[in-house]
Amino acid sequence: MSENYQPHQVEVKWQQKWDETQIYRSQVDWDRPKHYALTMLPYPSGDLHIGHWFAMTPSDARARWMRMRGYNVLFPMGFDAFGLPAEQAAISRNIHPWKWTYSNIERMREQLRSMGSMFDWEREAISCTPEYYKWSEWFFKKFYENGVAYRGSALVNWSESLQTVLANEQVIDGRDERTGQPVVHKMMEQWFFAITKYADELLDFDILDWPEPIKIMQTNWIGRSEGARVTFRTELGGHPIEIFTTRPDTLWGSTFMVLAPEHDLVGVITTEEARAAVEAYVQQTAGETEIERMLEDREKTGVFTGAYAINPVNDERIPIWIADYVMITYGTGAIMAVPAHDQRDFEFARAQDLQIRVVIQPAEMEELLQPEDMAEAYDGPGTMVNSDAMDGSVSTKDKGRANPAIGRVIDWLEATDKGEESVNYRLHDWLISRQRYWGSPIPATYDNGAIAMVADEDLPVVLPEDVDFMPTGRSPLTYHEPFFKVNDSVRRETDTLDTFMCSSWYQLRYLSPDNVEVPFDAEEAAYWLPVDVYTGGAEHAVMHLLYTRFFTKVLRDIGVFEAASAVMRQKGRDPERAFDEPMIVLRNQGQVLGAERQGDYVLCSGRLVGGKMLAHRVEVVGWNEVPAGFDGYFGEIVHRTENVIRLDMAGVTQLVEILPDAEIIIPAIAGENNVNQLRHHLEIQRMSKSKGNVVSPDELVEKYGADAVRCYLMFNFDWQKGGPWNENNIKGPQGWLHDVWEIARDGAPKVEGDPDGERDIERKLHQTIAVVNRGLEEFSFNTAIAEQMKFKNALKAALRERQIGPETWNGVMNQLIRLMAPFAPHIAEELWERLGFEYSVHLASWPAYDADKAREEQVELVVLINGKPRGTIEVAVDIERERALELALASEAAQRSLAGKAPRRTIFIPGRNGSDPKVNIVV
RNA sequence: GCCUCCGUAGCUCAGGGGUAGAGCGCUCCCUUGGUAAGGGCGAGGUCAUGAGUUCAAAUCUCAUCGGAGGCUCCA
């Protein structure tokens, strides 16, 4: 063995061999324990980016490790292939979505292969194929038949830019999460999934080992609040106005009501005198975007409807207002206002000069709380007052029935038929239909409004290919008559399914992607489910991860898992709770950010206006590259907003406004540059094409080899945190691979070795095994690799000192290569072969940790004086307390400190798991 | 405003009541027939700040400051 390490040759060679020998095929084997490792499937955008590598290669390393530990591992891959980008490509570039998507998949599949991952490609699933979406449609139909899917009217989020409705989860701060454009609320008839039926079960994370933040986000998203529903009636006409409150104990303090401007009753109850003002206000708020309405610290505005309601608890006549601080989308869209005990109502009452009545007397206060003395609402604990028969009830900080006052009032409301206990959720039903083409068809038809589902034997409803993409903003299905016209009276649904529906069940399709009879094979499901470990980004916390949990629970309840349960029972596995949750362990990787940089130095040319430069030319240059005779501004960018940059010019700050048509020159970014690209030179940011700071995995593989890239990604980041890209650091893992290669290439030493040295290297090897195990167990890939680097250094040193004989060398190398196999699969396989071991290292067993071998024999006894280390003594690892104290007291440090006196106290701390024993002497 | 996580070497990160650690980077030396490289020696840290508990705190508690993420007129 004499050649140098040529990553590319090695990698291509083994990727082919693995393919040919099918070592990654995973098959049901009831005699072996299973492990279903799943990593989130990519959207086929056309190029695999470094983020995919960062998510997938560590997951692959862990799956490989599980396999070497004896598990039968399923680690599949596929494509989440429906969605808007394909449709937008069709419109803007005149490529059919099928073509665009499939060519992207072809390309990405090759890129995925270059990672050297153990994906079982025989199980690949692609959500936009009829074979796949047949079952998305079938599930939809089952949901409909079981009352989970329904068509209903609701105020929905409409995206003008995407020309479709969106689920609440896809709207962030009033903007569409994809394009960042504002959405508007519209009343529309749409398809929904009744996810709210599962709200309570979705709050239960009992059997899940998921990151705390994800559980919290889902909990917040579901937003369960306990309280009561109470119906108020209008004074005239007796129109019922239902409200939800978490504080029924403050009902007697409700001195007015507020409806959301969109509330149905607004038009009905408004009096003639108030109509003009009310209509003007409704119009004004309708023109506001959700974003404006959600601004904090906004002045409370509203108008009086002229109507009054009767507070059912005390028959008081209270005015009904409308105000935009009440949201139509939460609760009933109407509130009872209790200004004394709710800050928003308080502000509104003060702004509109409405009555404030205290009904909770603060616990620690002697005198009665007076409204005119209040600077803000009181929402603390206290005693109910001004509340008729309820007076004296104790209201604590607790929510719901745990608060005695609330419990008592609810009982009374129910007994007197004025209201009832109620739970409200922030979560709404999942809006599942989209007015887009590139999605799974919805298998519904309409016969003069009567809904029918397409017969099972006619599934799937196939998405027609011969469609025209016209920039009308409408889905081509709506003007494709052969598709939507079933016959003269029957019309087909032209909306398609949200792509999140397709990805809610893909883990099931991997089980049997080619099965045409059922969505998934019962025995495969019985063996592999649930997913044991799921890895992917945290950005899916309240979308995909909530939807797929919901989906699984519905499938369980409508009996889709019954065949699988039967197989489990037959095989002696307990199906109880096996289908309650889709993925048991979840771990999120962080994000790889763009490289960290100093602010760039720029030359700005333009004219000075009022102390500010209006620049028509900005060029990024080196810090010492000022051309002779340059008379503009030169400095480091320290800040940038929109088109204004702030320059630090040798300590003096200058403002530069970049004119709209200014020439921008950034040598590091090819092509035409724009103002936005100046920004990324300032701070660490997400990688994106527009910022010009993307890193191409293909180029990295070319330059360093896939193994080095894999190891760099695992070593240089805390996987669950992510961090800034720094290609220079790839040298670390690269050096590790090179060194291991050279140690292996140099072959077994021709020296006899030293027994102590050999024992020492064995000990270090077993200590390394323990750390690598823990690292992989805990997704701490960086520590697992750092420890192997340390071991490599120790081995190198021992070899140099001629301490290792051939036999030990062989044993150590055999284990060392197996240890590195999950991380650097190609080089490990090559060295494994070269050292004459049997193919394949990836089918070999994982090195067994031997605690006896890992144990140190001699350790340093640390002598502490008053807790401060003052000396060490070499002792046996299992030293007894008496002997340790004796040695410590006799030590030079102790003698010096004690100066002949007796110690006040001595403490012996035995050494455990790697730490040295200590004696603390207090003088 | 609320919730969660996090502040350890220049950088990226381990560790965690009992001597402060790794990789990269850096200094200096050696090698120059493993060579767009290799080897060796070394420097670098009041473990964010302040208080408390303890024989002993980087580690536990509390407060403060700073960072990241999430939620937010939620009735």
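Residues numbered from 1 in each chain as written. Chains lettered and ligands numbered in written order. Predicted model: local features only at pLDDT ≥ 70, side-chain atom pairs only at ≥ 80, totals over all residues. Heavy atoms only, no water.

Draft legend 1. Examining the overall build of chain A more closely. When you go through chain A residue by residue, the secondary structure sums to 29 helices and 38 strands. In chain A, which comprises 923 residues, the proportion classed as buried is 53%. Once local pairs closer than 6 in sequence are excluded, the contacts in chain A between residues at least 24 apart make up 71%. Roughly 41,600 Å² of accessible area belongs to chain A as shown, and the carbon and sulfur atoms make up 47% of that amount. (Helix = DSSP H or I, 4+ residues; strand = E, 2+ residues; numbered from the N terminus. Buried < 20%, exposed > 50% of the residue type's maximum accessible area, 1.4 Å probe, protein only. Contact = heavy atoms within 4.5 Å. Areas by Shrake-Rupley, 256 points an atom, 1.4 Å probe, with all protein chains shown as cover.)

Draft legend 2. Spotlight on the sheet that holds strand 23 (residues 450-453). Pairing is antiparallel in the open sheet, where three strands are placed in the order 23-22-24. With one partner strand each, in any of the chains shown, strand 23 and strand 24 (490-492) form the two edges of the open sheet. Direction aside, neighbouring strands of the sheet carry axes that sit 30° apart on average. Bridging between strand 22 (residues 444-447) and strand 23 involves four bridges; their strand directions are antiparallel. (Pairing = 2+ DSSP bridges. Axes fitted to C-alpha atoms, helices over the stretch in contact; angles between N-to-C directions.)

Draft legend 3. Region of interest: the nonpolar core. Formed by 175 residues in total, the largest nonpolar core has its most connected members in Phe140, Phe193, Trp430, Phe550 and Phe823. When residues no more than four places from it in sequence are discounted, the contact partners of Phe823 are Ala61, Arg710, Cys711, Met714, Val772, Leu776, Phe781, Ala784, Ile785 and Gln788. If you look at the next biggest cluster of nonpolar residues, it comprises 54 residues, including Ile241, Val278, Met374 and Tyr378. (Core = buried A, V, L, I, M, F, W, Y, C linked by side-chain atoms within 4.5 Å.)

Draft legend 4. Main features of the sheet that holds strand 17 (residues 382-384). The sheet built from three strands is open, its strands ordered 16-17-18 with antiparallel pairing. Among the strands making up the open sheet, the edge pair consists of strand 16 (360-362) and strand 18 (394-395). By the bridge criterion, three bridges tie strand 16 to strand 17 in an arrangement that is antiparallel. Each residue of the ladder has a partner; that of Pro362, found in strand 17, is Gly382.

Draft legend 5. Molecular detail of the protein's contact with RNA strand B. In the region of RNA strand B, 50 residues are neighbours, and Asn716, Arg745, Lys796, Lys918 and Asn920 sit closest. When atoms of RNA strand B within 4 Å of the protein are split into backbone and base, the sugar-phosphate part holds 59%. Take Arg426: an N or O atom from its side chain is 2.4 Å from a phosphate oxygen of RNA strand B. In the environment of RNA strand B, a sugar or linking oxygen lies 2.2 Å from a nitrogen or oxygen atom belonging to the backbone of Asn716. Residue assignment for the surface near RNA strand B shows that the elements contributing at least two residues are helix 7 (212-222), strand 11 (240-245), helix 22 (731-746), helix 24 (781-800), strand 35 (858-865), strand 36 (868-876), strand 37 (905-909) and strand 38 (918-922). (Near = heavy atom within 4 Å. Polar contact = N/O pair within 3.5 Å; in protein donor to acceptor, adjacent residues only side chain to side chain.)

Draft legend 6. Structural view of helix 24. Between its first and last C-alpha atoms helix 24 spans 29 Å; for 20 residues at 1.5 Å apiece the expected length is 28 Å, and the two agree. All of the buried residues along helix 24 are Phe781, Asn782, Ala784, Ile785, Glu787, Gln788, Met789, Phe791, Lys792, Ala794, Leu795 and Ala798. Immediately beyond the C-terminal end of helix 24, within one or two residues, lies Arg802, with a positive phi of roughly 55°. (Expected span 1.5 Å × (residues − 1).)

Draft legend 7. Spatial organisation of the state of the cysteines. The final tally for this structure, using the stated rule, is zero disulfides. No disulfide involves Cys502; its sulfur sits 9.1 Å from the nearest other cysteine sulfur, which is in Cys128. (Disulfide = S-S within 2.5 Å.)

Draft legend 8. Seen up close, the packing of helix 2 (residues 50-68) against helix 21 (residues 706-715). Packing of helix 2 against helix 21 leaves a shortest axis separation of 9 Å and a crossing angle of 90°. If you check the angle between helix 2 and helix 21, you find them roughly perpendicular. On helix 21, the residues that touch Ile50, Trp53, Phe54, Thr57, Pro58, Asp60, Ala61 and Arg64 of helix 2 are Ala706, Val709, Arg710, Leu713 and Met714. A per-class count over the contact of helix 2 with helix 21 returns nine nonpolar, one polar and three charged. (Parallel < 35°, antiparallel > 145°, perpendicular 65-115°, else oblique. Nonpolar A, V, L, I, M, F, W, Y, C, P; charged D, E, K, R; others polar.)

Draft legend 9. Quick look at unusual backbone geometry. Note the cis peptide between Leu459 and Pro460, where omega equals 0°. The linkage connecting Leu529 with the following residue, Pro530, adopts the cis geometry, with an omega of -5°. Structurally, Pro530 can be placed in the loop between helix 16 (522-528) and strand 26 (531-537). Its identity as a non-glycine residue notwithstanding, Asp388 has a phi of 50°, on the positive side. Inspection of the secondary structure assignment puts Asp388 in the loop between strand 17 and strand 18. Even without being a glycine, Arg577 presents a positive backbone phi close to 70°. Tracing the sequence through the fold places Arg577 in the loop between helix 18 (562-570) and strand 27 (583-589).

Draft legend 10. Structural view of the pattern of salt bridges. Inspection of the entire model under this criterion finds 56 salt bridges. Put simply, Asp206 and Arg577 hold a salt bridge, and the shortest N to O gap is 4.0 Å. One end of the pair, Asp206, is in the loop between helix 6 (199-202) and helix 7; the other, Arg577, is in the loop between helix 18 and strand 27, and 371 residues separate them in sequence. You can call Asp206 exposed: its relative accessible area is 60%. What makes Arg577 partly exposed here is its relative accessible area of 36%. Measuring nitrogen to oxygen at the nearest pair gives 2.9 Å for the salt bridge that ties Asp760 to Lys764. Of this pair, Asp760 and Lys764 both sit in helix 23 (residues 755-777), four residues apart, roughly one helical turn. Given the relative accessible area of 24%, Asp760 is considered partly exposed. Its relative accessible area of 32% is what places Lys764 among the partly exposed residues. (Salt bridge = Lys/Arg side-chain N within 4 Å of Asp/Glu carboxyl O.)

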